[in-house]
Number of protein chains: 2
Amino acid sequence: MTVTSPAGFAAAGVTCGLKKSGNKDLAIVQNLGPLKAAAAVFTSNRCKANPILWSQQVIADGVVDAIVLNSGGANCYTGPQGFQVTHSTAEAVAEALGTSAGDVLVCSTGIIGEQLPLEKLQLGVSLAAGELGQSRASALEGGMDAAEAIMTTDSKPKTVVIAGGGQGESVEAEAASAYSIGGMAKGAGMLAPGLATMLVVLTTDAQLTPAQLDTALRAATRVTFDRLDSDGCMSTNDQVTLMASGASGVVPDVAEFTDRLTEACASLALQLQADAEGASHDIAITVLSAASEDDAVAVGRSVARNNLFKAAIFGNDANWGRVLAAVGTTSAAFDPYNIDVSFNGVRVCQGGQPDQPRDLVDLSPRAVDIVIDLKSGPAQATIWTNDLTHDYVHENSAYSS
Amino acid sequence: MTVTSPAGFAAAGVTCGLKKSGNKDLAIVQNLGPLKAAAAVFTSNRCKANPILWSQQVIADGVVDAIVLNSGGANCYTGPQGFQVTHSTAEAVAEALGTSAGDVLVCSTGIIGEQLPLEKLQLGVSLAAGELGQSRASALEGGMDAAEAIMTTDSKPKTVVIAGGGQGESVEAEAASAYSIGGMAKGAGMLAPGLATMLVVLTTDAQLTPAQLDTALRAATRVTFDRLDSDGCMSTNDQVTLMASGASGVVPDVAEFTDRLTEACASLALQLQADAEGASHDIAITVLSAASEDDAVAVGRSVARNNLFKAAIFGNDANWGRVLAAVGTTSAAFDPYNIDVSFNGVRVCQGGQPDQPRDLVDLSPRAVDIVIDLKSGPAQATIWTNDLTHDYVHENSAYSS
């Protein structure tokens, strides 16, 4: 149930001293082939960390042998020296695994504006590479170690495995078309905005070209990670990487593969939401009957980023006026005085006027469903967010790991 | 030092039972003339409260006899019944003061989605109108009563008076050119986004046309209330009104009047910031060397709305990485790797790299100065905001007044 679930991958997670806690802080995921195809999507923040600048070059040819990830420091706003640290880390991995640095992706997460100690990274690479040759690395344990090593304020590792293909008229045909997708994630955020840096590594033993992987990855992230908006903040280090080993020998139907990949991304996204820093509610904001999907996303995102709304949910208050005040700041097509709003199935506003008493809404469960009906067209979208809590303020005012 | 400081105005603030607390909850400010010129600016939220819809019609001809303001309810998303309540309130004022409802502005503030009780409003209008004919109303007391009656979560009334004109070669000439501007405000927010509804009434005894007032008001609010961004939330009820009585007989230089009006607005804006719900820091974010003023505002606003940055300031943490991560989400012209950032005079980032240790920054004072140098042009702007605190979460999760 992690990056080593699909055939053709090994992974390791080790401690090299980047985290003061002594917890695991460096991971490598290696693609054992035979295929070395990959795709990646990166933060759209213009202030990109050094590992992002590096990885954007590496992914250009669609060939990746390994990815190295560290917690304990973002290596962002660290200038040429910081870029050199990223480069040297990739070189250390390449030397240890017998490949080229140009085929090694790098991800970092942690505080911005502090140099990463290269010696500790090199030690970590050495330790992790030593594990990669052992049986543990290609088993579940190696993948779980890696998922643990990329954690920062996460309370638990996030992993997933999805079975793909496996259809046919006989048992043999089913087996011959089966492949799998594995994954791990850290953070609570997204490619666009992010609570903290989000790093995701997805693996598959299916056979796909880099271009096919890229198309599938963009389609999957667009409706999953891109719709998770914990606090509207966009990280400098977000990266989602997909690597294919082809070890199953299965060439999947690309549409079916994209669906399975989307399932894997959705699972990881919801795990990130459930573990968002300090949150006490997981909120799904569904916008119905929008003129376009862009409109639906814009409206949902505006509500998701409204601190007054988020604080009200923390207080178990079905304050639908704050929902409409947020909707009103968008340029989406709608009639401000003909909107319906429901909280957990109770329609508190109909046609822009009070409907059911908001006291009827039970907001004590962690899951909150907000439905906004714009009555303006056929499109819809759901944005996932969290409430604004005392613990959020506490964790983010004290954060320095 | 309030709306009754300029000659030609009377004001009253009374209790009519809209607030459960029994505090004052309805105010009237009356223009006694001889001039009845006015201008107003309104929230840009598309979901506008009924008093906004009403007042936008009243202000169209630039003639206003009085403004009635209530706390204890926003009268927003209350449908045709709510609009009728606003209309009837204006009619009650018109009848009591012997004018036309079409010359009476209405403002409301409080919770959204609940009907205002018309009988209480009518009682309040009757009580306030009774006071307007008495000497207290045209003295400071009447203006202070009004400033108190519009408060919601404000901890104190906000008022201002600015002396204008008063220049000349003789004492007589100085006296003959003197006028004044008075004002009151409630809330902590702004015309664009707002922590809570912001209501402002400005008065002057200078002689100006409605068109001159409108131009001056837009110029003044653009660089004051529009740059106050406590929490990025935009109210449905924000309104800033400027009324001129002409009672001084002074026709001011319009540019000089605009400067004085801007001073008055800046004073009220900073009072709003200082009293923002739950805030423990008043933060001024100054963006220097931007390619345009729009760029400077966009960058400052992006930082001001970043919850991670705001929580860090609450924790007295000079986390400049969060500043740059917010800057990177804008489309302003700048080189992400050639930016300087200072916190309270300590340059913690130079050319996109660590400079002075952030431990040198003292964030214990309430006032925090962030300076971001984009090195991209001649423009600059300052955005005012607050930190994100436990008290903010508490007050806004428990808010129901």
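On a predicted model such as this, the values are computed, not experimentally measured, just so you know.

S.K.: What exactly am I supposed to notice about the overall build of chain A here?
M.R.: A count of helical and extended segments in chain A gives 12 helices and 15 strands. A compact globule built from 401 residues would reach a C-alpha radius of gyration of about 21 Å, and chain A, at 22 Å, matches this within 12%. Dimensions along the principal axes, computed over C-alpha positions, put chain A at roughly 65 × 55 × 30 Å. Taken across its 401 residues, chain A has 62% of its residues classed as buried.

S.K.: When you look at unusual backbone geometry in this model, what are you seeing that I'm missing?
M.R.: Across the chain, the bulk of peptide bonds are trans and the bulk of non-glycine residues have phi less than zero. Of note, the amide linkage connecting A:Gly33 to A:Pro34 takes the cis form, showing an omega dihedral of 15 degrees. By the secondary structure assignment, A:Pro34 is in the loop between β2 (26-31) and β3 (37-42). With phi around 50 degrees, B:Lys375 is a residue other than glycine that occupies positive phi space. Among the structural elements, B:Lys375 can be located in the loop between β14 (367-373) and β15 (379-386).

S.K.: In this structure, what is going on with the sheet that holds strand β6 (residues 158-164) of chain B? I would like to understand it.
M.R.: Residues and elements named next belong to chain B. The mixed open sheet is built from 5 strands, whose spatial order is β3-β9-β8-β7-β6. The sheet terminates laterally at β3 (37-42) and β6, the two strands that pair on one side only. Going across the sheet, the axis of each strand differs from the next one's by a mean of 10 degrees, ignoring polarity. Here β3 runs beside strand β9 (residues 239-244); their pairing, made up of 6 bridges, is antiparallel.

S.K.: How should I be thinking about the sheet that holds strand β9 (residues 239-244) of chain A in this particular structure?
M.R.: Within a beta sheet, neighbouring strands are joined by backbone hydrogen bonds and run either parallel or antiparallel to one another. Residues and elements named next belong to chain A. Within the open sheet, the 5 strands sit side by side as β3-β9-β8-β7-β6. Their pairing is mixed. Every other strand in the sheet has two partners, leaving β3 and β6 (158-164) as the edge strands with one partner each. With direction set aside, neighbouring strand axes in the sheet form an average angle of 10 degrees. Note that strand β8 (residues 199-204) and β9 share 6 bridges and pair parallel. When the bridges of β9 are listed, Val 200 appears paired with Val 240. Running over the sheet, helix α8 (residues 254-274) touches β6, β7 (179-186) and β8 and is turned about 160 degrees from β6.

S.K.: Is there a simple way to think about the interface of chain B and chain A in this case?
M.R.: Interfaces are frequently sized by the accessible area removed from exposure as the parts join. In this assembly, 44 residues from chain B lie in contact with 44 residues from chain A. Looking at the side of chain B that touches chain A, the elements that each hand over two or more residues are α10 (307-314), α11 (320-327), β13 (353-354) and α12 (390-398) of chain B.

S.K.: What is the right way to look at the pairing of strand β2 (residues 26-31) of chain B in this model?
M.R.: For a regular strand, the rule is simple: side chains alternate between the two faces of the sheet. Taken across its 6 residues, β2(B) has 6 buried, putting it largely inside the fold. Across the two faces of β2(B) the burial is the same, with B:Leu26, B:Ile28 and B:Gln30 and B:Ala27, B:Val29 and B:Asn31 all buried.

S.K.: Looking at this structure, how should I read the relation of the copies chain B and chain A?
M.R.: Put simply, the two copies of the chain differ by a rotation about an axis and a shift along that axis. Rotating chain B by 180 degrees and translating it 0.0 Å along the rotation axis places it on chain A, where the RMSD comes to 0.0 Å. This pairing of chains is accounted for by a two-fold axis. Residue B:His390, judged by its C-alpha, is the member of chain B lying nearest the rotation axis, at 2.6 Å. In this assembly the copies share their binding face: 100% of the residues contributing to the interface of chain B also contribute to that of chain A.

S.K.: Can you walk me through the domain arrangement of chain A in this structure?
M.R.: All names here are of chain A. Assigned domains within chain A: domain 1 (9-274) and domain 2 (282-398). Each of domain 1 and domain 2 has a C-alpha centre, and the two are 33 Å apart. Each partner contributes residues to the interface: domain 1 has 9 residues there, and domain 2 has 11 residues. Among the residues making up the side of domain 1 that touches domain 2, the classes are represented as 3 nonpolar, 4 polar and 2 charged.

S.K.: Would you explain the confidence of the model for chain A in this entry?
M.R.: Low pLDDT marks regions whose predicted coordinates should not be analysed in detail. Residue and element names in this part refer to chain A. When the pLDDT values of chain A are averaged, the result is 92; 97% of them are 70 or greater. A low-confidence stretch, residues 190-195 (pLDDT under 50), is modelled with 34 contacts involving residues beyond four sequence positions or located in other chains. Across the predicted assembly, pTM comes out at 0.86 and ipTM at 0.83.

S.K.: I'm lost on the nonpolar core in this one. Help?
M.R.: Across soluble globular proteins, nonpolar side chains have a tendency to be buried as a group. Grouped together as the largest cluster of nonpolar side chains are 262 residues, with contacts concentrated most on A:Ala27, A:Ile28, A:Leu324, B:Ala27 and B:Ile28. B:Ile28 has contacts with B:Ala11, B:Ala12, B:Ala66, B:Val68, B:Val93, B:Ala128, B:Ala129 and B:Leu132, leaving out every residue within four places of it along the chain.

S.K.: What is the right way to look at the packing of α10(B) against α11(B) in this model?
M.R.: All names here are of chain B. Where α10 contacts α11, the axes come no closer than 9 Å and their chain directions differ by 160 degrees. Classified by the interaxial angle, the pair formed by α10 and α11 is roughly antiparallel. The crossing of α10 and α11 is left-handed. On α11, the residues touching Leu 308, Phe 309 and Ala 312 of α10 are Arg 322, Val 323 and Ala 326. Of the residues assigned to the contact of α10 with α11, the class counts are 5 nonpolar, no polar and 1 charged.

S.K.: Just to check I follow, could you spell out helix α9 (residues 293-304) of chain A for this structure?
M.R.: Owing to its 3.6 residues per turn, the α-helix brings residues three or four apart onto one side. All names here are of chain A. Over its 12 residues, α9 extends 16 Å from the first C-alpha to the last, a length consistent with the 16 Å expected when each residue adds 1.5 Å. α9 sits mainly inside the fold: 9 of its 12 residues count as buried. Of all the residues in α9, the buried ones are Asp 295, Ala 296, Val 297, Val 299, Gly 300, Arg 301, Ser 302, Val 303 and Ala 304. For α9, the secondary structure elements touched by its buried residues are β10 (282-290), α10 (307-314), α11 (320-327), β14 (367-373) and β15 (379-386).

S.K.: Got a minute to help me understand the environment of A:Lys186 in this structure?
M.R.: All names here are of chain A. Secondary-structure assignment places Lys 186 in strand β7. As a C-alpha pair, Lys 186 and Gln 57 span 129 residues in sequence and 23 Å in three-dimensional space. If we ignore the near neighbours within four places in the chain, the residues touching Lys 186 are Thr 109, Ile 150, Met 151, Thr 152, Asp 154, Lys 158 and Leu 199.

S.K.: Please explain the environment of B:Arg358 as it appears in this structure.
M.R.: Residues and elements named next belong to chain B. Inspection of the secondary structure puts Arg 358 in the loop between β13 and β14. As a C-alpha pair, Arg 358 and Ala 318 span 40 residues in sequence and 5.7 Å in three-dimensional space. The residues contacting Arg 358, other than those within four sequence positions of it, are Ala 318, Trp 320 and Val 348.

S.K.: How should I be thinking about the environment of A:Val250 in this particular structure?
M.R.: All names here are of chain A. One can find Val 250 in the loop between β9 and α8. Through-space distance from the C-alpha of Val 250 to that of Ser 177 is 5.7 Å; in sequence the pair is 73 residues apart. Aside from chain neighbours lying at most four places away, what touches Val 250 is Gly 165, Ser 177, Ala 178, Tyr 179, Ala 206 and Gln 207.

S.K.: It is not clear to me how the packing of helix α7 (residues 210-222) of chain B against helix α8 (residues 254-274) of chain B should be interpreted in this structure. Could you clarify?
M.R.: Helices that pack against each other are described as a pair by the angle of their axes relative to one another and the distance between those axes. Residue and element names in this part refer to chain B. At a minimum axis separation of 9 Å, α7 and α8 run at an interaxial angle of 45 degrees. Taken together, the axes of α7 and α8 lie oblique to each other. Between α7 and α8 lies a crossing of right-handed hand. Contact residues: α7 offers Gln 212, Ala 216, Leu 217, Ala 219, Ala 220 and Thr 221, while α8 offers Val 254, Phe 257, Thr 258, Leu 261, Thr 262 and Cys 265.

What counts, and at which threshold
- Every chain is numbered independently, its residues counted from 1 as its sequence is written.
- Naming scheme: in the order in which they are written, chains are lettered from A and ligands are numbered from 1.
- Totals for whole chains, interfaces and linings use all residues, but because this is a predicted model, local features are given only for residues with pLDDT of at least 70 and pairs of side-chain atoms are given and counted only at 80 or more.
- A run of H or I in DSSP becomes a helix once it reaches four residues, and a run of E becomes a strand once it reaches two; helices and strands are each numbered from the N terminus.
- For a compact globule the rule gives 2.2 Å times the number of residues to the power 0.38, and the radius of gyration it is set against comes from C-alpha atoms.
- Exposure in this text rests on C-beta crowding, where 20 or more other C-beta atoms within 10 Å of a residue's own make it buried, 12 or fewer make it exposed, and counts in between make it partly exposed. The C-beta atoms are placed from the backbone.
- We call two strands paired when DSSP finds no fewer than two bridges between them.
- Orientation is described by axes fitted as lines to C-alpha atoms, over the contacting stretch for helices, and by angles from 0 to 180 degrees between their N-to-C directions.
- Once C-beta atoms are placed from the backbone, any two residues with those atoms within 7 Å are in contact.
- Copy-to-copy superposition: least squares on the C-alpha atoms, limited to residues that have pLDDT of at least 70 in both copies.
- A domain assignment, automatic or from a database, supplies the domain bounds used here.
- When residue character is reported, Ala, Val, Leu, Ile, Met, Phe, Trp, Tyr, Cys and Pro are called nonpolar, Asp, Glu, Lys and Arg charged, and the others, Gly included, polar.
- Known as pLDDT, the predictor's per-residue confidence is scaled from 0 to 100.
- Connectivity within a nonpolar core runs through C-beta atoms within 7 Å, and the core itself is a set of buried Ala, Val, Leu, Ile, Met, Phe, Trp, Tyr and Cys residues.
- Geometric relationships in this document are graded by angle, where less than 35 degrees denotes roughly parallel, more than 145 denotes roughly antiparallel, 65 to 115 denotes roughly perpendicular, and other angles denote oblique.
- Handedness of a crossing is defined here by the sense of rotation of the near helix relative to the far one, left-handed for an anticlockwise turn of less than a right angle and right-handed for a clockwise turn.
- Helix span, expected: 1.5 Å multiplied by one less than the number of residues in the helix.

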